[in-house]
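Descriptive structure summary
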Amino acid sequence: MANLYTKNGVPLNVRGNEVFNQSGRSIGRISGSKVFGSNGRYVGTIDGDRLVYRSTDSATTGGSFAPSAGAGTASAPVAGSAIWGEEPDISG
């Protein structure tokens, strides 16, 4: 699994094109540089190794999907980033 972090440094896991929060719950699927939740709603934009919420991208939608189960992560948080955008909702 590849690592991805939120703007504030919370670790996420990526398996295939699906993104999981620390408890292993699917928060979305990657489509291009964006992540969309299982309901098709925008979750965030990937900028390097960070997932950030950008209001200018929030009008886009993706297709809905049935989320799969993922394993939790024991990764430690990393320092926050000054990139443009807000902390995404990763509650799943």
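Shown above is the structure to which this text applies.
Owing to the predicted nature of the structure, the values given are computational and were not obtained by experimental measurement. (Residues numbered from 1 in each chain as written. Predicted model: local features only at pLDDT ≥ 70, side-chain atom pairs only at ≥ 80, totals over all residues. Heavy atoms only, no water.)

Overview of the pattern of salt bridges
For clarity, the threshold we go by: Salt bridges are defined by distance alone: a side-chain nitrogen of Lys or Arg within 4 Å of a carboxyl oxygen of Asp or Glu. Only protein chains enter the accessibility calculation, which uses a 1.4 Å probe; a residue whose area is less than 20% of its type maximum is buried, one above 50% is exposed, and one in between is partly exposed.
One pass over the full model with this rule turns up 3 salt bridges. With its nearest N and O atoms 3.5 Å apart, the salt bridge here joins Arg50 to Asp49. With a relative accessible area of 11%, Arg50 lands in the buried category. Given the relative accessible area of 39%, Asp49 is considered partly exposed.

Side note on the layout of surface pockets
How we decide: Space inside and on the surface of the protein is sampled on a 1 Å grid over the protein atoms alone, with a cavity defined as a set of points where a 1.4 Å probe fits but cannot get out and a pocket as an open set with protein on both sides within 12 Å along at least 5 of 7 lines; lining residues have an atom within 4 Å of a point. Grid points are joined across faces, edges and corners, and a volume is the space filled by probe spheres set on the points. Under this grouping Gly is polar, as are all residues other than the nonpolar Ala, Val, Leu, Ile, Met, Phe, Trp, Tyr, Cys and Pro and the charged Asp, Glu, Lys and Arg.
Considered as a void within the structure, the largest pocket measures approximately 200 Å³ in volume. Residue lining of the largest pocket: 12 residues in total, with Ile27, Arg41, Tyr42, Val43 and Asp89 positioned closest to the centre. Partitioning the lining of the largest pocket into residue classes produces 5 nonpolar, 5 polar and 2 charged.

What about the environment of Gly85?
Filter applied, for reference: Helix and strand definitions follow DSSP, with helices as H or I runs of at least four residues and strands as E runs of at least two, each counted in order from the N terminus.
Inspection of the secondary structure assignment puts Gly85 in the segment after β7 (50-52). The spatial distance from the C-alpha of Gly85 to the C-alpha of Arg54 is 4.9 Å, given a sequence separation of 31 residues.

Focus: the pairing of strand β6 (residues 42-47)
Rules: Strands are labelled as partners when DSSP assigns at least two bridges between them.
Both strand β5 (residues 34-36) and β6 contribute to a ladder of 3 bridges, which runs antiparallel. Paired with Phe36 across the strands is Tyr42, a residue of β6. Between the end of β5 and the start of β6, which pair antiparallel, lie 5 residues, with Gly40 showing a positive phi angle near 90°. The antiparallel hairpin formed by β6 and β7 contains 2 residues in its connecting segment, where Gly48 sits at a positive phi of about 70°.

Looking at the nonpolar core
Rules: Side-chain atoms within 4.5 Å are what join buried Ala, Val, Leu, Ile, Met, Phe, Trp, Tyr and Cys residues into a set we call a nonpolar core. Contacts between residues were defined by any pair of non-hydrogen atoms, one from each residue, lying within 4.5 Å.
Listed in full, the 9 residues of the largest apolar core are Leu4, Leu12, Val14, Val19, Ile27, Val35, Val43, Leu51 and Ile90. Beyond its immediate chain neighbours, meaning those up to four positions away, Val35 contacts Val19, Gly28, Arg29, Ile30, Arg41, Tyr42, Val43, Gly44, Ile46 and Leu51.

Notes on the packing of aromatic side chains
Here is the rule we go by: Two rings from Phe, Tyr or Trp (for Trp, the six-membered ring) form a pair when their centres sit within 6.5 Å of each other. Planes less than 30 degrees apart are called stacked, planes more than 60 degrees apart edge-to-face, and all others tilted.
One pass over the structure, following the stated rule, counts 2 aromatic pairs. Between Phe36 and Tyr42, the aromatic rings sit 6.4 Å apart at their centres with planes inclined by 70°, giving edge-to-face as the arrangement. Neither Phe36 nor Tyr42 differs from the other in exposure class; each is buried. Taking 5.3 Å as the distance between ring centres and 55° as the angle between the ring planes, the aromatic pair formed by Tyr42 and Tyr53 counts as tilted. On the criterion of sequence distance, the pair formed by Tyr42 in strand β6 and Tyr53 in the segment after β7 is long-range, its members being 11 residues apart. Accessibility expressed as a relative area gives 30% for Tyr53, which makes it partly exposed. The structure contains a cluster of three or more aromatic residues connected by ring pairs, namely Phe36, Tyr42 and Tyr53.

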